[in-house]
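If you want the building blocks of each chain, they are given just below.
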Amino acid sequence: MKSTKKIFNRRSWLAGLASLPLSACLQHRSGDGTTTVIDFSRSFCHYIPRNRKLWVRIQIECRCQVFDRSVEKSDEYCLTVRTQTGLRTTPPSDHLDPGYDFWMIFSRKHVVIRRVHTSSYNRNPSRPGVDHFHSSGWHLQPCPARQLRSGKDIREALEAWRPLVARSEFVGEDPSRGYVIEYPVKWADGNPDNTFRVETGPVVLLDPRQVKVGRSLEFDDFQWAYLDYRSFDRVRCFLERPTSILSGATYQPAERNPRRNPALTADQVARIRNRLYSGWDPPIAKKQLRELFQTDHFSAVSFLPVTTTLYALDPPGVG
């Protein structure tokens, strides 16, 4: 990234991203109760662009496995952490080179690349196949861990500074079909009364009624979510949706922590929207105009049944 030419070419080889198959990180239970889980701090996606001597490694944020136990088959997807690109000119030019965030989901045949720009008028994901890439794949680092079965177990693991990993399984009407996500627990509460709360993400969610093993998922099959749960059988999911940039403009916090920009009234918000969307002949369709004043934000909530297990990774040399 030291030369303008290298940075400028980045988008072209991102468009050719793809992945190859890998072996799953299989869980097993030993006689002492130890289970193998993913150590996300040492698990990465990687790729090599065509015609370039460049090795790229990206940390994994979440692993998703679509399964059909009736035929003992599954498909794997790995979500990477957020990455930033753009701003390649000096000085930066919003006209020539606006920056954007992007995430990638590696699969056996395709890689879904999601991009988020300043405006949410940005439905420009790509889904290249493996033939567009020299080589790629991912590495899941197994690590011994022990299941946490109660709020007391969770609190003790937190106080011992143990990394936590969770597996959450979602099924449809047919319990043999569904998907499971595995992800690091980044925020958790262990309470004196032995209750607990986990708040973590982002993760990818799917519709267990629609996904099938062997069908390569499209961009719109995925939902981006943060998870919030206090039990092992139910989860509150904060779902990302296109959201008006005026959403929350009327929010007034407590007086001890006032807003730096004063809160708007509902009438003021309505007048701003009326000014933006009516009374003139816009150069684009009104639906597209509204999208230009939206941004992707976690603005919806869904309560889902789930089977979640939590694990504490063993310290080095243990297990």
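Everything below is about the structure shown above.
Residues numbered from 1 in each chain as written. Predicted model: local features only at pLDDT ≥ 70, side-chain atom pairs only at ≥ 80, totals over all residues. Heavy atoms only, no water.

Asker: Just to check I follow, could you spell out the pattern of salt bridges for this structure?
Answerer: Where charged atoms of side chains with opposite charge meet at close range, the side chains can pair. Evaluated as defined, the whole model comprises 21 salt bridges. Measuring nitrogen to oxygen at the nearest pair gives 3.2 Å for the salt bridge that ties arginine 108 to glutamate 76. Of this pair, arginine 108 sits in the loop between β6 (100-106) and β7 (111-116) while glutamate 76 sits in strand β4 (residues 73-80), placing them 32 residues apart in sequence. Residue glutamate 76 is classed as buried on the basis of its relative accessible area, which comes to 2%. Note that arginine 114 and aspartate 296 form a salt bridge whose closest N and O atoms lie 4.0 Å from each other. Taken together, the positions of arginine 114 in strand β7 and aspartate 296 in strand β16 (residues 294-305) put the pair 182 residues apart, joining distant regions of the chain. Through salt bridges that share partners, Arg63, Glu76, Arg108, Arg167 and Glu182 make up one connected network. (Salt bridge = Lys/Arg side-chain N within 4 Å of Asp/Glu carboxyl O. Helix = DSSP H or I, 4+ residues; strand = E, 2+ residues; numbered from the N terminus. Buried < 20%, exposed > 50% of the residue type's maximum accessible area, 1.4 Å probe, protein only.)

Asker: When you look at the packing of aromatic side chains in this model, what are you seeing that I'm missing?
Answerer: Within a pair of aromatic rings, the relevant descriptors are the distance that separates the centres and the angle that separates the planes. Applying the stated rule across the entire model yields 10 aromatic pairs. Plain terms: the ring middles of tyrosine 226 and phenylalanine 298 are 4.9 Å apart, the flat faces sit at 90° to each other, and that makes the pair edge-to-face. Highlighted residues: tyrosine 226 in strand β14 (residues 223-229) and phenylalanine 298 in strand β16, separated in sequence by 72 residues. Judged by its relative accessible area of 32%, tyrosine 226 is partly exposed. Residue phenylalanine 298 is classed as partly exposed on the basis of its relative accessible area, which comes to 29%. The ring of tryptophan 103 is capped by arginine 114, whose NZ or CZ atom sits 4.7 Å from the centre of that ring. (Phe/Tyr/Trp six-rings, centres within 6.5 Å; stacked < 30°, edge-to-face > 60°. Lys NZ or Arg CZ within 6 Å of the ring centre and 35° of its normal.)

Asker: I'm lost on the side chain of aspartate 39 in this one. Help?
Answerer: Checked against the element boundaries, aspartate 39 lands in the loop between β1 (34-38) and β2 (44-48). For aspartate 39, the side chain forms a polar contact with the side chain of serine 41, separated by 2.6 Å. Once you skip the residues sitting within four places of it in the chain, aspartate 39 turns out to touch Gln141, Cys143 and Leu313. (Polar contact = N/O pair within 3.5 Å; in protein donor to acceptor, adjacent residues only side chain to side chain. Contact = heavy atoms within 4.5 Å.)

Asker: Explain the nonpolar core to me, please; I cannot follow it from the model alone.
Answerer: Within soluble globular proteins, side chains that are nonpolar generally end up buried alongside one another. Residues Ile181, Leu205, Phe222, Tyr229 and Leu310 are the most contacted members of the largest nonpolar core, which totals 39 residues. The leading source of residues in this core is strand β13 (residues 196-205), at 5 residues. Setting aside residues no more than four positions away along its own chain, isoleucine 181 makes contact with Cys62, Arg63, Cys64, Ala166, Arg167, Ser168, Phe170, Val203, Val204, Leu205 and Leu227. Tyr47, Val56, Phe106 and Ala145 belong to the second largest nonpolar core, which has 23 residues in total. (Core = buried A, V, L, I, M, F, W, Y, C linked by side-chain atoms within 4.5 Å.)

Asker: Explain the pairing of β4 here, please?
Answerer: Where a strand is regular, its side chains alternate between the two sheet faces. With 6 of its 8 residues buried, β4 lies for the most part within the structure. Relative to β6, β4 is paired through 2 bridges, and the arrangement is antiparallel. Across the sheet, the residue bridging to leucine 79 is isoleucine 105, located in β6. (Pairing = 2+ DSSP bridges.)

Asker: What exactly am I supposed to notice about helix α4 (residues 266-277) here?
Answerer: Every α-helix winds through 3.6 residues per turn, so residues three or four apart in the chain are directed the same way. Compared with the 16 Å implied by 1.5 Å per residue over 12 residues, the 17 Å span of α4 between its first and last C-alpha is a close match. Among the residues trailing α4, glycine 279 stands out with phi positive, at a value near 80°. (Expected span 1.5 Å × (residues − 1).)

Asker: Even after reading the chapter, I still don't get the side chain of serine 43, so can you show me in this structure?
Answerer: Mapping serine 43 onto the fold places it in the loop between β1 and β2. A polar contact of 2.8 Å, which involves the side chain of serine 43, links it to the backbone oxygen of aspartate 39. Excluding anything up to four places from it in sequence, serine 43 contacts Ile38, Ile58, Gln59, Ile60, His139, Leu140 and Gln141.

Asker: Looking at this model, I keep getting lost on the pairing of β7. Mind explaining?
Answerer: With 6 of 6 residues buried, β7 lies mostly within the body of the structure. Where β6 hands over to β7, the hairpin turn is made up of 4 residues, counted between the paired strands.

Asker: Quick question: what am I supposed to make of the environment of aspartate 193 here?
Answerer: Structurally, aspartate 193 can be placed in the loop between β12 (188-190) and β13. As for aspartate 193 and glycine 151, which are separated by 42 residues in sequence, their C-alpha atoms are 8.2 Å apart. Here threonine 195 takes part through its side chain, which lies 2.7 Å from a polar atom of the side chain of aspartate 193.

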